[in-house]
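Coordinates in review
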2 protein chains.
Amino acid sequence: MKKYGFGVDIGGTTCKIGLFETTGQLVEKWEIPTNTQDAGKNILPDVAASLNGKMQERGISRDEIEGIGIGIPGPVQADGSVAVCVNLGWKNVDVPKEMGALMEGILVKAGNDANVAALGEMWQGGGKGCKSLIMVTLGTGVGGGIIVDEKIVAGTHGAGGEIGHIVVNPHEKIACNCGRKGCLEQYCSATGIVRIAKEFLAEGHEASLLDKAEEVSAKTVFDTYKENDALAVKIVEKFAYILGHALSNFACVTDPEVFVIGGGVSKAGEPLIEIVNKYYKKDAFSSCTDIKFALASLGNDAGMYGCVRLILE
Amino acid sequence: MKKYGFGVDIGGTTCKIGLFETTGQLVEKWEIPTNTQDAGKNILPDVAASLNGKMQERGISRDEIEGIGIGIPGPVQADGSVAVCVNLGWKNVDVPKEMGALMEGILVKAGNDANVAALGEMWQGGGKGCKSLIMVTLGTGVGGGIIVDEKIVAGTHGAGGEIGHIVVNPHEKIACNCGRKGCLEQYCSATGIVRIAKEFLAEGHEASLLDKAEEVSAKTVFDTYKENDALAVKIVEKFAYILGHALSNFACVTDPEVFVIGGGVSKAGEPLIEIVNKYYKKDAFSSCTDIKFALASLGNDAGMYGCVRLILE
């Protein structure tokens, strides 16, 4: 194994780049803007220039680089090519081939950003030491990534781990962004939690700290939940019931060692894990009741870590 | 690759044994009784004696055998050992080690019976040519097996592919055999279909061929469905909606190339596949709408096939 690897997590506005030792140690991280103009044709050349610059700056030779892993904000085929990536303006980009050419033959692999983040959390984060996990990212939406035997389950159409779009309520009237109705994302994302909160607030209810809150957000809901506010407890219990129940169903599919919970909502910390785990255990299939719950620990760096792990396979 | 492999699918009453060429060609199959007395301690020696007898009979030497794959009717750890198998009376049986010793060092691997059946259907059955699939076995219960990248997803506790115990109806009052309420198995197994049928029959309804049926079974329901009986159509549509919807959720987890439908109920054939696919497509996540549907084609031999495929990994 060579000494270094690069992890490049390409987002719609910035590319997060990390130079890692292949042991998993982050040496340095930095960002460059993502230039989505002209169908995003400059994105990979910009990244290549940045990597070459960093190697020159640090006196690192090509021979010391194991490879470059790249995370893409959209579906990625098993061979690392991208058919369409709306966020980058890409159509038919063979990432390993194009980036490999730009980097004079260094090994390049690519994966979906949510999936590589799950791989990163398995390698050096909340799922460290585990070989299989399901990562749930509770942000503006609900994302996910599934790892089985230390490998990403990318899926035939790149929809592996799209667990935010499991339908948990077939009676829902309002459509999700994806077009389905009753997706997990509609209840358990930051926006979903606000929606649940507003429904409870609109009903008659006992006095609540949330009545006085300037803005009702997932954060204010969990903050008041931690103060044992009766209404916040109801909101969080509904959220935890829906998420815990969904996880109990996923356990019957891939039966992971650990559920890793990340994304902005997971900043609520241990109390969130505890209540979701409580509802999970209530509903879980008998042999799966002891699946662990862990908080993601790499934050926005998870993708970079996972990109590097990708090239170590 | 050596010329031959054995596939041994151990059931609670008989062991199905197949001699295969490693190309996938079944050479001969036979059965021996499963002796579950004395905590099942004679099961592996009985199988070993049968295999040795067959090799002698056919003049096949040890060197011509690639290995022996064994299917177990219960949870199997990743290393092929079995903690508890109620159906066989086993506790702590290290199948590869014990069987390997009995067969003087021939490679032995073991897997759960439903999972190896899925692997068999991938190799030589309804999913032939695909690398990832979800198999759904509609029998007395609903079983399953999940294949990703040509490998079984066994799960941390052997619960990978236990898709019959996904809760599809949290409002169900009656408990499933597993203890949960509202499991897929309670509606989509042969017994589940009869239950749906009896509910419809108990309600006021138009004249139906099912009123005259001597016995209402999954078979009679599908037979009358094929004759366009209005009540049978309602029953089958309810079954297909529940199953199609569940499959649309599984697609967001592992996103397989194909759903393979097997088990006794699948004898209803193409009309069953068609209506389940119709409801699946209605509910599917946009990128997964074209996942194929196929009937299992190896019947009760699927496990033997999968056992052999296991040793070719």
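Note that the coordinates shown come from a computational prediction; the quantities given were computed from them, not determined experimentally.

**Describing the overall build of chain A**
Within chain A, the regular secondary structure consists of 11 helices and 12 strands. Here the C-alpha radius of gyration of chain A, 21 Å, is about what a compact globule of 313 residues would show, namely 20 Å. Overall, chain A is about 65 × 45 × 35 Å in size when its C-alpha atoms are taken along their principal axes. Within chain A, buried positions represent 53% of all 313 residues.

**What to know about the relation of the copies chain A and chain B**
Take chain A, turn it by 180 degrees, move it 0.0 Å along the axis, and it overlays chain B with an RMSD of 0.0 Å. On the angle and the small slide along the axis, the relation comes out as a two-fold axis. Same-surface contact between copies: 100% of interface residues of chain A are shared with the interface of chain B.

**Some points on the sheet that holds strand β3 (residues 26-33) of chain A**
Residue and element names in this part refer to chain A. The mixed open sheet is built from 5 strands, whose spatial order is β3-β2-β1-β4-β7. The sheet is open, and its two borders are formed by β3 and β7 (108-112), each paired with just one other strand. In this sheet, adjacent strand axes meet at a mean angle of 20 degrees when their direction is disregarded. By the bridge criterion, 7 bridges tie strand β2 (residues 14-21) to β3 in an arrangement that is antiparallel. Its bridge partner lying in β3, I17 is registered against W30. Sheet contacts for helix α3 (residues 95-102): β4 (65-72) and β7; angle to β7, the most-contacted strand, approximately 140 degrees.

**Side note on the sheet that holds strand β12 (residues 292-295) of chain B**
All names here are of chain B. Strand order in the open sheet formed by 5 strands is β10-β9-β8-β11-β12, with mixed pairing between adjacent strands. With partners counted over all chains shown, the strands left at the sheet margins are β10 (151-152) and β12, one partner each. Relative to strand β9 (residues 142-148), strand β8 (residues 133-138) is paired through 6 bridges, and the arrangement is antiparallel. Counted as the bridge partner of L133 is I147 from β9. The strands that helix α4 (residues 113-124) touches are β8, β9, β10 and β11 (258-262); relative to β9, the one it contacts most, it runs at about 55 degrees.

**Some words on the packing of helix α4 (residues 113-124) of chain A against helix α11 (residues 302-311) of chain A**
If you want to describe how two helices pack, look at the angle between their axes and the distance between the axes. All names here are of chain A. In contact at an axis separation of 6 Å, α4 and α11 are set at 80 degrees when each is read in the N-to-C sense. Looking at the two axes, α4 sits roughly perpendicular to α11. Every residue of α11 that contacts α4 at D113, V116, A117, A118, L119, G120, E121, W123 and Q124 is listed here: A302, G303, M304, Y305, G306, C307, R309 and L310. A class-by-class count of the residues in the contact of α4 with α11 yields 10 nonpolar, 4 polar and 3 charged.

**Focus: the domain arrangement of chain A**
Residue and element names in this part refer to chain A. Per the domain assignment, the segments making up chain A are domain 1 (4-119 + 301-311) and domain 2 (129-297). Centre-to-centre, using C-alpha coordinates, domain 1 lies 30 Å away from domain 2. Listed as interface residues are 12 residues of domain 1 and, on the opposing side, 15 residues of domain 2. Of all the elements in the fold, those that place two or more residues in the side of domain 1 that touches domain 2 are β7 and α4. Classifying every residue of the side of domain 1 that touches domain 2 by side-chain character gives 8 nonpolar, 4 polar and no charged.

**Focus: the interface of chain A and chain B**
Each side of the interface is counted separately: chain A has 35 residues, and chain B has 35 residues. Counting residues per element, the ones that place at least two in the side of chain A that touches chain B are β9 (142-148) and α9 (230-251) of chain A. Of all the elements, α9 of chain A adds the most residues to the side of chain A that touches chain B, at 4 residues. Per-class residue counts for the side of chain A that touches chain B are 17 nonpolar, 13 polar and 5 charged.

**Re unusual backbone geometry**
A positive phi angle, close to 50 degrees, is found at N92 of chain A, a residue other than glycine. In this structure, A39 of chain B is a non-glycine residue whose phi angle is positive, near 55 degrees. Residue position: A39 of chain B is located in helix α1 (residues 37-40).

**With respect to the confidence of the model for chain A**
Averaged over chain A, the pLDDT score is 95; the fraction of residues at 70 or greater is 100%. Scored as a whole, the predicted complex attains pTM 0.94, and scored at its interfaces, ipTM 0.91.

**Concerning the pairing of β11 of chain B**
Residues and elements named next belong to chain B. Burial within β11 is extensive, with 5 of its 5 residues counted as buried. Pairing geometry for β8 and β11, over 5 bridges, is parallel. Each bridged residue has a counterpart across the sheet, and for T137 the counterpart in β11 is G262. With 4 bridges joining them, β11 and β12 adopt parallel strand pairing. What sits directly across from V258, in β12, is K292. The β-α-β motif built from β11, the intervening helix α10 (residues 270-283) and the parallel element β12 has right-handed crossover chirality.

How each quantity is defined
- Residues numbered from 1 in each chain as written.
- Chains lettered and ligands numbered in written order.
- Predicted model: local features only at pLDDT ≥ 70, side-chain atom pairs only at ≥ 80, totals over all residues.
- Helix = DSSP H or I, 4+ residues; strand = E, 2+ residues; numbered from the N terminus.
- Rg over C-alpha atoms; globule rule 2.2 N^0.38 Å.
- Buried ≥ 20, exposed ≤ 12 C-beta atoms within 10 Å, placed from the backbone.
- Least-squares fit on C-alpha atoms with pLDDT ≥ 70 in both.
- Contact = placed C-beta atoms within 7 Å.
- Pairing = 2+ DSSP bridges.
- Axes fitted to C-alpha atoms, helices over the stretch in contact; angles between N-to-C directions.
- Parallel < 35°, antiparallel > 145°, perpendicular 65-115°, else oblique.
- Nonpolar A, V, L, I, M, F, W, Y, C, P; charged D, E, K, R; others polar.
- Domains from an automatic or database assignment.
- pLDDT = per-residue confidence, 0-100.
- Right-handed = clockwise from strand over helix to strand, strands pointing away.

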